Amino acid sequence: MAVESGAGDAARETLAHLYFGKDDAENDAAAGGLLRQGFLKTVAYESARDGRKTLIIGRKGSGKSAICMMLARADDPALSVSVINPDEISGEEIRGFTLPGITAEQAKSMIWRYVLTMQTAKFVLTHATQAHRGGSWSSINSLRKFLVANGELDDLGIHEKFWRVIERIKSSISLEAFGVKVAAEIAAPSPGIKVNNTLDAIDHHVKAALADLACPRNHSRLLLLVDQLEKVWSNDADSDAMVTGLLLASKHIASTFDPVNCVVFLRSDIYDLLEFQDSDKFRGAEMRIDWRREALLDLVQVRAQISAGAQLSPEHLWAGLFPEKFGELSITDYIVSRTLMRPRDIIQFCNLCRDTAEKNGHFSIIHSDIAEAAVQYSSWKLQDLVNEYRVNYPYLGDLFVLFQSTGYVVSRDSLHRKLSTIAATLRTRYAQYTNVFHVDGVLDILYDIGFLGVVRNDAATYAYDDPLRIERHEAQFLIHPCFREALQSVSSVDVRPYEATDLRIRVLAERGLAVHSIGLVRGRRSSRLRREVRNLCDNVLESIEASRLPSEVKTEVVRSLQRIDSDAAVLLDDWVEETGWTLARDVVMRARRYFQELDEKLDSLCLLNDRDEVGRVVRQAVKTLDSLVLRPW
Ligand SMILES: Nc1ncnc2c1ncn2[C@@H]1O[C@H](COP(=O)(O)OP(=O)(O)OP(=O)(O)O)[C@@H](O)[C@H]1O
Ligand SMILES: [Mg+2]
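Criteria and thresholds
- Every chain is numbered independently, its residues counted from 1 as its sequence is written.
- The lettering of chains begins at A and the numbering of ligands begins at 1, in the order of writing.
- Local features in this predicted model are restricted to residues whose pLDDT is 70 or higher, and side-chain atom pairs enter the listing and the counts only when it is 80 or higher, whereas totals over whole chains, interfaces and linings include all residues.
- Based on all heavy atoms of the structure, the side-chain values leave hydrogens and waters out of the count.
- Runs of E in the DSSP output that reach at least two residues are strands. Runs of H or I that reach at least four are helices, and both are numbered from the N terminus.
- Any two residues whose heavy atoms approach within 4.5 Å at even a single point are treated as in contact.
- Put simply, a nonpolar core is a bunch of buried Ala, Val, Leu, Ile, Met, Phe, Trp, Tyr and Cys residues held in one set by side-chain atoms that sit within 4.5 Å of each other.
- When a residue's accessible area, from a 1.4 Å probe over protein chains only, is under 20% of the maximum for its type it is buried; when over 50% it is exposed; and in between it is partly exposed.
- Here an angle of 0 to 180 degrees is reported between the N-to-C directions of two axes, which are lines fitted to C-alpha atoms, with helices fitted over the stretch in contact.
- When describing relative orientation, an angle under 35 degrees is termed roughly parallel and one over 145 degrees roughly antiparallel, while 65 to 115 degrees is termed roughly perpendicular and anything else oblique.
- Should the near helix be turned anticlockwise from the far one by less than a right angle, the crossing is termed left-handed; should it be turned clockwise, right-handed.
- Under the grouping applied here, Gly and all other residues not named as nonpolar or charged are polar, the nonpolar ones being Ala, Val, Leu, Ile, Met, Phe, Trp, Tyr, Cys and Pro and the charged ones Asp, Glu, Lys and Arg.
- Throughout, the term near means that a residue has one or more heavy atoms lying within 4 Å of the molecule or strand in question.
- Side-chain atoms alone can form a polar contact between residues adjacent in sequence; in general such a contact is a pair of N or O atoms within 3.5 Å, and within protein one must be able to donate a hydrogen while the other accepts it.
- Values of accessible area rely on a 1.4 Å probe in the Shrake-Rupley scheme; residue burial ignores everything except the protein chains shown.
- Pairing between strands is defined by DSSP: at least two bridges between the two strands are required.
- Salt bridges, as used here, are contacts in which a Lys or Arg side-chain nitrogen is within 4 Å of a carboxyl oxygen on Asp or Glu.
- For a helix, the expected span equals 1.5 Å multiplied by the number of residues minus one.
- Between the rings of Phe, Tyr and Trp (Trp by its six-membered ring), a pair exists once the centres lie within 6.5 Å; its type follows the angle of the planes, with under 30 degrees stacked, over 60 edge-to-face, and the other angles tilted.

Visitor: Is there a simple way to explain the environment of leucine 222 in this structure?
Guide: Of note, leucine 222 is situated in strand S3 (residues 221-226). For the pair leucine 222 and valine 124, spaced 98 residues apart in sequence, the C-alpha separation works out to 9.0 Å. In this structure, leucine 222 is in contact with Ser80, Ser82, Gln119, Thr120, Phe123, Leu156, Pro259, Val260 and Asn261, ignoring residues within four places of it in sequence.

The structure is reproduced here in structure tokens:
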């Protein structure tokens, strides 16, 4: 007894400490978070650090900021890092910034050039002080004077608010520090060209300072990281110009200053909407953050160990603290299947499972805790998806109504039919997006954002498995598992399953008998009934298996068929006919209800094609069961 309570206490203690970290890198890297100890060095991290890739693209929650935070904290004497986050309040100013004489994109590029060059200038000064002590160069001195004159602090970790930068660019950038002549010479036919010339002049002096320092190869490099662009982005031409302006500026900075690399972190939805002339020149710089099952599981395992103790093995986590299986899936498959392959998803879901278990007073996370957490998590994910795409696809919330309280398997035809009922309303409500509200447009978007997967070769494929578009001939889709609970679409075709009953107990109750007194009195009529029920189940099974229905549907139907068959077997084989009959009738009636609903749903969901026999066979089953009910007993 004492041992048991000791073990219970230990389990409770482990669960109490178990924690998977905070939702976003900024908080997760601060005290109380787990990013610093639990960071996994991914390919995207290494590529950004080495400057091999300068455009890191990822979905919300995929770990863009985590890479920035960890690069900024990298304990590497050969690397100085400056993270640049545009401030939200400057959004309007940045988007609205133009300069006469140059394009909107070039004007926005000037803002970025200024910010990135200032960080470079600060780096040069700091580096000169730290690594070239004793040296004195006039170029370094004028650079220092220039920064002071323009109100730039020499702290690499701080950059000016963007609205201030814009004010400075608009009024004037003081070049006096580089000599009166330089300042006077910046004349130009338009304000836009003047700013460009001013920035060229600054470049020239920063380069001169770098040339004077003549750093050997092993000296520190500067890594400029630009993150959180989404804070100042809204889906319009000015926002696009702001992003392309940044890409152009980052390229310019890296090609102008040898020891500098600039890496831009961008949300994939923003990048994918971007159309700009030189996009082909950025292909080689691009890297998409991509998470696979094993890496996500490593990520949570590491976090579990940091929080609950280094001795926590994967076995203990996944077969001790969590139950080994959830439904038919291993617990790890189940948990990963609930994510859109992003660290934030798995962290949130694991935390929620753990919190639910604690709330329910359990020592470890049990099946019902996970089921409960899955409902809450599902509604988070649905709401997060709406928020993630609020700017690009503001109508998502209205589209999701089409998927509420239905099966999670969706055919192109049934979606077409449902969409046509609300398309007119959507077109009126979202007049800017009228060209989207047709079945192909909607399917493309819902696939792209991970809400729907496509059934390919009998398996579900989601955008994170294959980011290419769905093909026009593809006809069957699935709602992603993480959204099903929130939409109350947890059955593949939304047919109430055939629930098995504990018939033995019911017979006993009816006859007032004890278990051992059930006799095996087999009669001719019951065997015939049994045979007929088995035959029709076999026929339906055969046609289901031969059909092109998605495996999720097949699995659910087969499960119901097995229950009907086993109920019929118990009832009709084992029991005295007279008693069994009322229950037999109940089995037959419920089986009939099941087949009838299945027929209707398969029909309304348009999941069958002409070659599929299922519809005919299921209707035949309904008829047979009808005749069984009517047969005199
Ligand atoms: N490589 C990693 N190793 C460990 N944890 C990670 C890693 N990448 C991301 N995370 C964790 O995943 C969560 C989400 O990451 P992060 O906040 O960086 O996403 P993001 O792409 O910046 O999202 P958003 O677009 O919303 O800003 C955070 O808790 C972060 O600490
Ligand atoms: Mg971020």
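Visitor: Quick question: what am I supposed to make of the nonpolar core here?
Guide: A general trend in soluble globular proteins is that nonpolar side chains are found buried together. Core analysis: the largest hydrophobic core is formed by 131 residues, its most contacted members being Leu18, Phe322, Ile346, Phe403, Leu446, Phe451 and Phe595. Those residues in contact with phenylalanine 322, other than ones at most four positions away along the chain, are Phe20, Leu317, Ile331, Ile335, Cys350, Cys353, Ile365 and Ile370.

Visitor: Honestly, the packing of helix H7 (residues 104-131) against helix H11 (residues 191-213) in this entry has me stumped. Any pointers?
Guide: When two helices pack together, their arrangement is given by the angle between their axes and by how far apart the axes lie. Interhelical geometry of H7 versus H11 gives an angle of 20° and a closest axis separation of 10 Å. Taken as axis vectors, H7 and H11 run roughly parallel relative to one another. Note that H7 runs across H11; the crossing there is left-handed. In this structure, H7 contributes Met110, Arg113, Tyr114, Thr117, Met118, Thr120, Ala121, Val124, His127 and Ala128 to the contact, and H11 contributes Val195, Asn196, Leu199, Asp200, Ile202, Asp203, Val206, Ala209, Leu210 and Leu213. Across the contact of H7 with H11, the residue classes tally to 13 nonpolar, 4 polar and 3 charged.

Visitor: Explanation requested: the site of ligand 1 in the structure shown.
Guide: Surrounding ligand 1, one finds 25 residues, the nearest of these being Lys22, Asp28, Lys64, Ala66 and Arg303. Within the backbone of leucine 40, an N or O atom sits 2.9 Å from a nitrogen atom of ligand 1. For ligand 1, whose unbound accessible area comes to 630 Å², protein coverage reaches 97%. A breakdown of the residues in the shell around ligand 1 according to their chemical character gives 9 nonpolar, 5 polar and 11 charged.

Visitor: How should the environment of asparagine 360 be read in this particular structure?
Guide: Inspection of the secondary structure puts asparagine 360 in the loop between helix H17 (343-359) and helix H18 (367-388). Excluding anything up to four places from it in sequence, asparagine 360 contacts Asp369 and Glu372.

Visitor: Would you mind going over the packing of helix H8 (residues 138-149) against H11 with me for this structure?
Guide: Remark: H8 packs on H11, axes separated minimally by 8 Å, with the N-to-C direction vectors making an angle of 140°. With respect to H11, the element H8 is oriented oblique. The chirality of how H8 crosses H11 is left-handed. Counting all contacts with H8, which are made through Ser139, Ile140, Leu143 and Phe146, the residues of H11 involved are Ile202, Val206, Ala208, Ala209, Asp212 and Leu213. Taken together, the residues that form the contact of H8 with H11 break down as 8 nonpolar, 1 polar and 1 charged.

Visitor: Explain the sheet that holds strand S11 (residues 476-479) here, please?
Guide: Strand pairing in a sheet relies on backbone hydrogen bonds, with the paired strands running either antiparallel or parallel. The antiparallel open sheet is built from 4 strands, whose spatial order is S8-S11-S9-S10. With partners counted over all chains shown, the strands left at the sheet margins are strand S8 (409-411) and strand S10 (459-461), one partner each. Averaged over neighbouring strand pairs, the angle between their axes works out to 40° when direction is ignored. Here strand S9 (residues 452-456) pairs with S11 via 3 bridges, running antiparallel. Bridge assignment links leucine 452 to a residue of S11, and that residue is isoleucine 479. The sheet strands contacting helix H20 (residues 412-429) are S8 and S11, and the helix crosses S8 at an angle near 80°. Here helix H21 (residues 439-448) sits on the sheet and contacts S9, S10 and S11; the angle it forms with S9, its principal contact strand, is near 100°.

Visitor: Got a minute to help me understand the pattern of salt bridges in this structure?
Guide: One side chain can pair with another of opposite charge once the charged atoms of both are near each other. Under the counting rule described, the total for this entry stands at 45 salt bridges. Here arginine 49 ties to aspartate 50 by a salt bridge, and the two come within 3.0 Å at their closest N and O atoms. Residue glutamate 328 pairs with arginine 559 through a salt bridge whose shortest N-O separation is 3.2 Å. Taken as a pair, glutamate 328 in the loop between strand S6 (325-326) and strand S7 (329-330) and arginine 559 in helix H25 (residues 551-574) lie far apart in primary sequence, 231 residues in all. Taken together, the shared-partner salt bridges connect Arg59, Arg342, Asp345, Lys381, Asp384 and Glu388 into one network.

Visitor: I keep staring at H18 and nothing clicks. Help me out?
Guide: Taking 1.5 Å as the rise per residue, H18 with 22 residues should run 32 Å; its terminal C-alpha atoms sit 30 Å apart, in good agreement. Taken residue by residue, H18 has Asp369, Ile370, Ala373, Ala374, Tyr377, Ser378, Lys381, Leu382, Leu385, Val386 and Glu388 as its buried positions.

Visitor: Quick question: what am I supposed to make of the side chain of glutamine 348 here?
Guide: Structurally, glutamine 348 can be placed in helix H17. Excluding residues within four positions of it along the chain, glutamine 348 makes contact with Asp23, Tyr377, Trp380, Lys381 and Asp384.

Visitor: Any chance you could explain the packing of aromatic side chains here in plain terms?
Guide: In this description, an aromatic ring pair is defined by two values, namely the gap between the centres and the angle between the planes. One pass over the structure, following the stated rule, counts 18 aromatic pairs. A centroid spacing of 5.0 Å and a plane angle of 65° characterise the contact between tryptophan 112 and phenylalanine 162, whose relative ring orientation is edge-to-face. You can see tryptophan 112 sitting in helix H7 and its partner phenylalanine 162 sitting in helix H9 (residues 162-171), a full 50 residues away along the chain. The pair formed by tryptophan 112 and phenylalanine 162 is uniform in burial state, with each residue classed as buried.

Visitor: Hey, could you run me through the environment of valine 553 in this one?
Guide: Summarising the element assignment, valine 553 is placed in helix H25. Residue class for valine 553 comes out buried when judged on its relative accessible area of 0%. Between the alpha carbons of valine 553 and valine 409 there is a distance of 7.8 Å; along the sequence they are 144 residues apart. Beyond its immediate sequence surroundings of up to four residues, valine 553 is in contact with Val409, Ser492 and Val493.

Visitor: What exactly am I supposed to notice about the sheet that holds strand S2 (residues 79-84) here?
Guide: Taken in spatial order, the 5 strands line up as S2-S3-S4-S1-S5 in an open sheet, and their pairing is parallel. Each having just a single partner strand, S2 and strand S5 (286-288) make up the two edges of the open sheet. Between one strand and the next, the sheet's axes are offset by a mean angle of 20°, whatever the strand orientation. Across 6 bridges, the pairing between S2 and S3 is parallel. By the bridge assignment, isoleucine 84 is partnered in S3 with valine 226. The strands touched by H7 within the sheet are S2, S3 and strand S4 (260-267), with S3 carrying the most contacts at an inclination of about 150°.

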